[in-house]
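# Structural characterization, general
For reference, the chains in residue letters:
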Amino acid sequence: MDKKTIRDIDVNGKTVLVRVDFNVPMKDEGKTITDDNRIVAALPTINYLLEHNPKAVVLFSHLGKIKTEEDKAKNNMAVVAPRLAELLGKDVKFVNTTRGAELEDAIKNASNGQVILVQNTRYEPGETKNDPELGKYWASLGDVFVEDAFGSVHRAHASTVGIPSYLKPAVAGFLLEKEIAYIGKAVSNPDRPLVAILGGSKVSSKIGVIENLLGIADKIIIGGGMAYTFAAAQGRTIGTSLLEEDKIDLAKTYIEKGGDKLVLPVDTVVNTQFAEEGDIKVVEGNIPDGYMGLDIGPKSVENIKKALVGAKTVIWNGPMGVFEMPNFAKGTIGVCEAIANLEGATTIIGGGDSAAAVKQLGYADKVSHISTGGGASLEYMEGKVLPGIDAVDDK
Ligand code: AMP
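None of these values were measured; they are calculated from a predicted model.

Rules behind the numbers
- Residues numbered from 1 in each chain as written.
- Predicted model: local features only at pLDDT ≥ 70, side-chain atom pairs only at ≥ 80, totals over all residues.
- Heavy atoms only, no water.
- Near = heavy atom within 4 Å.
- Polar contact = N/O pair within 3.5 Å; in protein donor to acceptor, adjacent residues only side chain to side chain.
- Areas by Shrake-Rupley, 256 points an atom, 1.4 Å probe, with all protein chains shown as cover.
- Core = buried A, V, L, I, M, F, W, Y, C linked by side-chain atoms within 4.5 Å.
- Buried < 20%, exposed > 50% of the residue type's maximum accessible area, 1.4 Å probe, protein only.
- Helix = DSSP H or I, 4+ residues; strand = E, 2+ residues; numbered from the N terminus.
- Contact = heavy atoms within 4.5 Å.
- Arc of directions from axis to C-beta.

### Observations regarding the site of the ligand
Near the ligand lie 16 residues; those nearest to it are Ser201, Gly225, Gly293, Glu324 and Asp353. In the model, an oxygen atom of the ligand is placed 3.0 Å from a nitrogen or oxygen of the Ser201 main chain. For the ligand, an oxygen atom lies 2.5 Å from a polar atom in the side chain of Glu324. Burial of the ligand by the protein amounts to 81% of the accessible area it has alone, namely 500 Å².

### Quick look at the nonpolar core
Nonpolar side chains in soluble globular proteins generally cluster together in the buried interior. Ranked by internal contacts, the top residues of the largest apolar core, which has 39 residues, are Phe150, Leu213, Ile220, Ile222, Phe230 and Ile315. Mapped by element, the contributors of at least two residues to this core are helix H7 (174-188), strand S9 (194-198), helix H8 (207-216), strand S10 (219-222), helix H9 (227-233), helix H10 (248-258) and helix H14 (374-381). The contact partners of Ile222, leaving out residues within four places of it in the chain, are Leu198, Ala227, Phe230, Leu262, Val263, Leu264 and Pro265.

### Notes on the environment of Tyr380
Its place among the elements puts Tyr380 in helix H14. Each C-alpha atom of the pair Tyr380 and Leu250 lies 22 Å from the other, and the pair is 130 residues apart in sequence. Contacts of Tyr380, omitting those with residues within four sequence positions, involve Phe150, Glu179, Ile180, Ile183, Gly184, Val187, Leu386 and Ile389.

### Here we look at helix H3 (residues 80-88)
Inspection of H3 places Val80, Ala81, Leu84, Ala85 and Leu88 among the buried residues, and these make up the whole buried set. Buried residues of H3, viewed axially, fall in a sector of 130°; they line one side. For H3, the exposed residues lying more than 90 degrees away from the buried face are Pro82 and Glu86. Looking at the buried side of H3, the elements it contacts are strand S3 (32-33), helix H1 (37-50), strand S4 (56-60), strand S5 (92-95) and strand S6 (114-118). One or two positions beyond H3, positive phi appears at Gly89, with a value near 65°.

Dropping the structure here:
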């Protein structure tokens, strides 16, 4: 990796500012955390820093979207502090503000690796605008910056890009390092053959990924709702399946450009309605009137398995069907199984729905890497320079 990490710096006696991703899902109007995965994912970096005798470890994160005072009440970072303390086995000082004397004194008076959790960065209107005054102010509070919120590095905000533009060294934490090692390598210097599997509901949300991967991958497998726009481009009837009419021409150009690289579904699990009940059957080729495609069929799964034989790198973004309904999860399960059984391949699951599918279907420990960022992993697979990674010092 060509970016500096926390292993490359000395934090002894220093105040270390860390951008973590504590944007946890919650219920009860923000009083209860429903899934602490993101806090757990930040522990290796925090623990490593604590083992290297810093003066203080100051944690910054956003939580939810803030537009109104009500949003502030529902997205108060205070809820994270006790859970973090429990996981660290160490006291965490929560500072109920994002600037001013209370925060500055907490940092000044810290010693022996005191962990300080700052209030939600989005309480500051300047956070999402990357207000230079805010980035400079936060940077002034520490000696070193650690970027570890992969889920936020596609956003140029004050806490992700502002701080490291004013505070050096700025290095990657372990979570960011891992995402760069897997996704960054897959799209810049993959072990080949590289096979990409793309699904999900829409072509429009994956245009950037398809275009980038057409130039990089050795094979691209298409499934999910977006496959019907490709089927329409092939001149097939698709019944009432998802269709983006304005993307049919684009799908045609991808089919021409992709040639043998592109693996499209040959059969479909259809139903008369978007539900578990109805007249569910498998059809090949054309989808009859009054039916919608809700999953790829068994022959398509077999084709995918064949396309994956010998793959050295696999990246997957987007489910093959409406996996949330068991009747239409077989295609996604088939892909999970095929990936899980590959030998000697690096298998990478993009964040968002494909990550949810792999976890929900019980394959989480059978893949090399499940990305922690939805939007960030998609943009990374598009080959974009992510501003929060760009802001980290080169080696
Ligand atoms: P995306 O967020 O674009 O990755 O899409 C994920 C969603 O696509 C999931 O909630 C799936 O249920 C949905 N999906 C996948 N295949 C289909 C399909 N054939 N028809 C409708 N929705 C689909």
